[in-house]
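A look at the structure
Take a look at the letters that make up each chain.
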Amino acid sequence: MLDRRQILTALGTSALAALAPGALLAATSIKPDETSVLLVIDVQNCFLPGGSLAVKDGEQVVPVINKMAKAFSNVVMTQDWHTPGHVSFASVHSGKKPFETIDLPYGKQVLWPDHCVQGTDGAALSKDLSIPQAELIIRKGFHKDVDSYSAFLEADGKTSTGLAGYLKGRKIKRVFVAGLATDFCVAWTALDARKAGFETYVVEDACRGIDTQGSLAKAWADMAKAGVKRIQSADIAMSA
Ligand code: VGL
Ligand code: ZN
C-alpha cells in the first residue's frame, strides 16, 4: 500500500496545490483592496421596470450590487444624462423607430426610446441602491450630438469624461463593473477600462443586458478578446 507521502509524491506538487482547499479558495476568491473600485453603471429608473428603456430583470441587480459594494471602499456610480432631443433618441430622427440604427459622424448609433433626460425622475438613480460610501457620480451622454455608453470616453472615441484621470489620481489599478446594461454601457465601460490600462472585471450576475441584434453575445466576445475578466459576485471575498 502507498502511504500518504508516496501518494503526494506521485501526484506531484501542482496536483497537490489543486487539491489543497486553501489553494482552491485563493484561486477563486478576489479581495478588493484600496487600489480597487466598483463602478455601478446606470442603475436608473428608466432602465428598471416601468422605465422607458427597461432592461429585462434589471431590478435583480440591485440587491446583488448592494451586497457586493460592502466589499469596496471605493465605489463610483454613473448616470446616463441626456439632453431633451438627444441624438440617440429615435424620436428626433424622422421615420426611425427605437432599436433601428443610423450612421452618425462618429459611427453607427443604435436609436433608443427617449430615456434618462437630465433632471427627470427617469434619470434618477434607483432609490433601492444602498451604497452610502459611493464617492463620485459620473454623468455621461450630456452632449446633445454625441452618445456615451462608456463611463470613460464618449462615443466619438476621444472626448474623455475625466474618469480615467480621476481613478489614476486615486491610484486605482483594478476596476469591477456592474449594472445596466451588460451589452452597452457595462461592456463599453469595461473595454475602455482595459484600454486605459486597468485590470478589469465584469461581475456577470450584477448586470443585465438589453440584447438587440446579437449585442449581448458580441459584447461578451469583445470583452473576452480585450482581456476583461468575467466573474460572479460570489467570487468576491466579502470579509477579511
Ligand atoms: C444604455 C442604451 C442607451 C445603457 C444607455 O446604460 O446601457 N443603453 N443608453
Ligand atoms: Zn442613453
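Anything mentioned here points back to the structure above.
Per chain, residues are indexed from 1 in the order of the written sequence. Lettering of chains starts at A and numbering of ligands starts at 1, both following the order in which they are written. A pLDDT threshold of at least 70 governs which residues receive local features in this predicted model, and a stricter bar of 80 or more applies before side-chain atom pairs are shown or counted, although totals over entire chains, interfaces and linings include all residues. With hydrogens and water excluded, all non-hydrogen atoms of the structure serve as input to the side-chain values.

**Regarding the overall build of the protein**
- Across its full length, the protein carries 7 helices and 8 strands.
- Under the scheme applied here, a residue whose accessible area is under 20% of the maximum for its type counts as buried, over 50% as exposed, and between as partly exposed, the area being computed with a 1.4 Å probe on protein chains only. Taking all 240 residues of the protein together, 46% fall into the buried category.
- We call two residues in contact when some of their heavy atoms are within 4.5 Å. Within the protein, contacts between residues at least 6 apart in sequence are counted, and of these 76% link residues at least 24 apart.
- Here the open area of atoms and residues is found with the Shrake-Rupley method and a 1.4 Å probe, where only the protein chains shown may cover a residue. Accessible surface, the protein: about 11,700 Å² in total, of which carbon and sulfur atoms supply 58%. To qualify as a helix, a DSSP run of H or I must reach at least 4 residues; to qualify as a strand, a run of E must reach at least 2; elements of each kind are numbered from the N terminus.

**Considerations on the coordination of the zinc ion (ligand 2)**
- Keep in mind that water is not among the atoms, so a site may look incomplete; donors are the N, O and S atoms within 2.8 Å of the metal, or 3.2 Å for Na, K and Ca. Only Asp80 (OD), His82 (NE2) and His115 (NE2) from the protein coordinate the zinc ion (ligand 2), and they sit 2.0 to 2.2 Å from it.
- Note on geometry labels: four donors, all angles 85 to 135 degrees, give tetrahedral; four donors become square planar and six octahedral when opposite donors are over 155 degrees apart and every other angle is between 65 and 115; remaining cases are irregular. What the 4 donor atoms of the zinc ion (ligand 2) show is an angle range of 89 to 173° at the metal, which sorts the shape as irregular.
- Taken in sequence order, the residues that donate to the zinc ion (ligand 2) follow the motif D-x1-H-x32-H. Of this pair, Asp80 sits in strand 2 (residues 75-80) while His115 sits in the loop between strand 4 (107-110) and strand 5 (136-140), and the two are 35 residues apart along the sequence. Residue Asp80 shares its accessibility class with His115, and that shared class is buried.

**Description of the site of ligand 1**
- A cutoff of 4 Å decides nearness: a residue is near a molecule or strand if any of its heavy atoms lies inside that distance of it. Around ligand 1, the surrounding shell consists of Asp42, Phe47, Leu53, Asp80, Trp112, His115, Tyr149, Leu180, Ala181, Phe184, Cys185 and Ile210.
- At a separation of 2.9 Å, an oxygen atom of ligand 1 approaches a polar backbone atom of Ala181.
- Within the backbone of Cys185, an N or O atom sits 3.0 Å from an oxygen atom of ligand 1.
- Contact with the protein chains removes 100% of the 260 Å² of surface that ligand 1 exposes when unbound.
- In the shell around ligand 1, the residues fall into 9 nonpolar, 1 polar and 2 charged. Residues adjacent in sequence count toward polar contacts only when both atoms are side-chain atoms; beyond that, a polar contact is any pair of N or O atoms within 3.5 Å, and within protein one must be able to donate a hydrogen and the other to accept it. Side-chain classes follow a simple rule in which Ala, Val, Leu, Ile, Met, Phe, Trp, Tyr, Cys and Pro form the nonpolar group, Asp, Glu, Lys and Arg form the charged group, and the remainder, Gly included, forms the polar group.

**Some remarks on the pairing of strand 1 (residues 36-41)**
- Strand 1 sits mainly inside the fold: 6 of its 6 residues count as buried.
- Here strand 1 pairs with strand 6 (residues 174-180) via 6 bridges, running parallel. Bridge assignment links Ser36 to a residue of strand 6, and that residue is Arg174.
- By this definition, two strands are paired if DSSP reports at least two bridges between them. Of the strand pairs in this sheet, strand 1 and strand 2 are connected by 4 bridges, and their pairing is parallel. For Val40, the partnering residue across the bridge sits in strand 2 and is Met77.
- Handedness of the strand 1-helix 4 (residues 61-69)-strand 2 crossover: right-handed. Handedness of a crossover: with both strands directed away from the viewer, a clockwise path from the first strand across the helix to the second marks it as right-handed.

**Details of unusual backbone geometry**
- The step from Leu180 to Ala181 runs through a cis peptide bond, and the omega angle for that step is -10°.
- With respect to the helices and strands, Ala181 occurs in the loop between strand 6 and helix 6 (182-195).
- Unlike most non-glycine residues, Cys116 shows phi in positive territory, near 45°.
- Relative to the helices and strands, Cys116 is located in the loop between strand 4 and strand 5.
- Within the chain, Lys171 stands out as a residue other than glycine whose phi angle is a positive 65°.
- By the secondary structure assignment, Lys171 is in the loop between helix 5 (163-169) and strand 6.

**Overview of the side chain of Thr189**
- For Thr189, the position within the fold is in helix 6.
- When near neighbours in sequence (up to four residues on either side) are disregarded, Thr189 contacts Leu39, Ile41, Tyr149, Ser150, Ala151, Phe152 and Val177.

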